[in-house]
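Reading the structure
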Amino acid sequence: MLSLFQNMKERRTVLCLSAAALLWCGIGSPAAEAARVTGLREAYGAEAASAPLSKEALLPARRELYEQISAATGIPWFRFAAIDQYERTIAKKAKHTPAPSPAASARLTDIRIPDPIWNGPLNPDQSDTSPASIRFFGGLGRDGSGDGLAEPENDADVLYSVAGHLLSYGNSASDFSIAVWEYYHNGRAAQRINQFAKLYEHFGRLDLSGSAFPLPLGNLYSYRSTWGTGRSWGGARIHEGTDLFAPHGLTVRSTCYGIVETKGWNRYGGWRIGIRDIENRYHYYAHLTGYDKTVSRGDIVSPGQTIGWVGSSGYGKPGTQGKFPPHLHFGLYKDRGLTEWAFDPYPLLKQWENQEYRALKNKKKK
Ligand SMILES: [Zn+2]
């Protein structure tokens, strides 16, 4: 534990030094290039990447890596964080894939640049690590760690390569959107990455894991596990969510740190709202009687923040109410890149409720 901490401290020193050197020399000069390369090599050479980090050490270490590449390239850290987080949340956790190489399992980030893009599609060597020949074939791969190699399993090399791609479009928020679109050619990917970048920028930190129960705790509501029972209001479709029965007008609160992705009328959901969290989960609240005035599309919300009120809207043209008893329909969907899957929110609802009860009890004790 101590050696890990010392390692972190050294990384921090290196970061400050290289950032200072860059400010002094200006980006692009040979001296700046040398300072960048030396700094990154010291921080992310082979010895530093030898062992996977503990959970507690992971986020600070990631943040430092983003900051370091940010200092070297001028791209804000939260843009690297957003791309990295997006790739992490859609990564397939296949059961039968071969064990990752030591270099891959010691990585801090999850950005995986496909071979033809890294090496250049016409490069005859699809495991090329020579920055010069990769550049010749139009590949993205670059050497950010300063060891003379462009390696797709080296975090500094990968982020520096991503930075190279981003910078070829410019450094504004809209340049970033275009660069991301050109890389993924997938509108959902571009939307997610922009959402994540906004969240990280707004909160200024990587840990956005807090939660809240969607209704104020108490005995006014009741809910049980109804996943896939087909007893949804409206019948035919399987029930993708949990119904929380509650009095008309009870507060509905955000369950996560997230960004409002959808808001408005839906034939089945009535007045509904959808919030995307940093884990790429879509939190869906339906049948509301109305929305809190402060919540609009694109807004950022925190756990426990009021977003609307329980109602019985839905199953008809806009404004239809009262076709069923008032309740909050709560759903959760996980984005897998090209598709989005509903999953049973009941276990998480229970967990969030228990966590909030425990936090309240601890507060009272103090
Ligand atoms: Zn429902």
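Not measured: the values here are computed from a predicted model. Per-chain numbering applies: the sequence of each chain, read as written, is numbered from 1 onward. For a predicted model such as this one, the threshold for reporting local features is a pLDDT of at least 70, and the threshold for listing and counting side-chain atom pairs is 80 or more; totals across whole chains, interfaces and linings nevertheless cover every residue.

A few points about the overall build of the chain
Helix and strand definitions follow DSSP, with helices as H or I runs of at least four residues and strands as E runs of at least two, each counted in order from the N terminus. Assigned secondary structure in the chain consists of 11 helices and 11 strands. Sequence separation of 24 or more characterises 59% of the internal contacts of the chain that already satisfy a separation of 6 or more. Throughout, a residue-residue contact means that the two C-beta atoms, derived from backbone geometry, are no farther apart than 7 Å.

What about the pairing of strand E4 (residues 258–266)?
Strands were regarded as paired on the criterion that DSSP finds at least two bridges between them. Relative to strand E5 (residues 270–277), E4 runs antiparallel, the two sharing 8 bridges. Among the inter-strand pairings, valine 260 is bridged to a residue of E5, identified as isoleucine 275. The hairpin turn running from E4 into E5, its antiparallel successor, is 3 residues long. Pairing between E4 and strand E8 (residues 300–301): 2 bridges, direction antiparallel. Note on E8: the bridge partner recorded for isoleucine 259 is isoleucine 300.

Remarks on the packing of helix H3 (residues 55–73) against helix H4 (residues 77–90)
With axes taken as lines fitted to C-alpha atoms, and helix axes fitted only over the stretch in contact, angles between N-to-C directions fall between 0 and 180 degrees. Across the interface, H3 lies against H4 with an axial gap of 8 Å and an inter-helix angle of 125°. As far as their axial angle goes, H4 and H3 are oblique. The two elements H3 and H4 meet at a crossing, and its hand is right-handed. Touching Arg63, Tyr66, Glu67, Ile69 and Ser70 of H3 are Trp77, Phe80 and Ala81, all from H4. In this classification, Asp, Glu, Lys and Arg are treated as charged, Ala, Val, Leu, Ile, Met, Phe, Trp, Tyr, Cys and Pro as nonpolar, and every other residue, Gly included, as polar. Classifying every residue of the contact of H3 with H4 gives 5 nonpolar, 1 polar and 2 charged. In this scheme, roughly parallel covers angles under 35 degrees and roughly antiparallel covers those over 145, while 65 to 115 is roughly perpendicular and the rest are oblique. Left-handed describes a crossing whose near helix is turned anticlockwise from the far helix through less than a right angle; right-handed describes the clockwise counterpart.

Observations regarding unusual backbone geometry
Even without being glycine, asparagine 280 reaches a positive phi, approximately 65°. Along the polypeptide, asparagine 280 turns up in the loop between E5 and strand E6 (281–288). Partly exposed residues are those falling between the two cut-offs: more than 12 but fewer than 20 other C-beta atoms within 10 Å of their own, whereas 20 or more means buried and 12 or fewer means exposed, with C-beta atoms placed from the backbone. According to the C-beta neighbour criterion, asparagine 280 is buried, with 21 such atoms within 10 Å. Although it is not a glycine, histidine 287 adopts a positive phi angle of roughly 70°. The topology assignment puts histidine 287 in strand E6. Residue classification places histidine 287 among the buried positions, given that 28 C-beta atoms sit within 10 Å.

Things to note about the confidence of the model for the chain
Along the chain, pLDDT gives the predictor's confidence residue by residue, from 0 to 100. In the predicted model, the chain carries a mean pLDDT of 85, and the fraction of residues at 70 or more is 81%. Of the regions scoring below 50 in pLDDT, residues 1–38 engages in 41 contacts with residues more than four places distant in sequence or in other chains. Scored below 50 in pLDDT, residues 45–49 makes 6 contacts in the model with residues more than four places away or belonging to other chains.

Considerations on the sheet that holds strand E9 (residues 306–309)
With antiparallel pairing, the 3 strands of this open sheet are ordered in space as E3-E9-E7. Both outer strands of the open sheet, strand E3 (251–253) and strand E7 (290–291), are each paired with one neighbouring strand and no more. By the bridge criterion, 3 bridges tie E3 to E9 in an arrangement that is antiparallel. When the sheet's bridge partners are listed, threonine 251 is paired in E9 with tryptophan 309.

Some thoughts on H4
Helical geometry note: an α-helix holds 3.6 residues per turn, so side chains three or four residues apart project in the same direction. Expected helix span is taken as 1.5 Å per residue step, with the number of steps being one fewer than the number of residues. Counted at 1.5 Å a residue, the expected span for H4 with its 14 residues is 20 Å, and the 21 Å between its end C-alpha atoms agrees. In terms of residue burial, H4 counts as a mostly covered element, since 10 of its 14 residues are buried. Within the sequence span of H4, burial applies to Trp77, Phe78, Arg79, Phe80, Ala81, Ala82, Ile83, Asp84, Gln85 and Tyr86. Buried residues belonging to H4 abut H3, helix H8 (155–167), helix H9 (173–184) and helix H10 (187–203).

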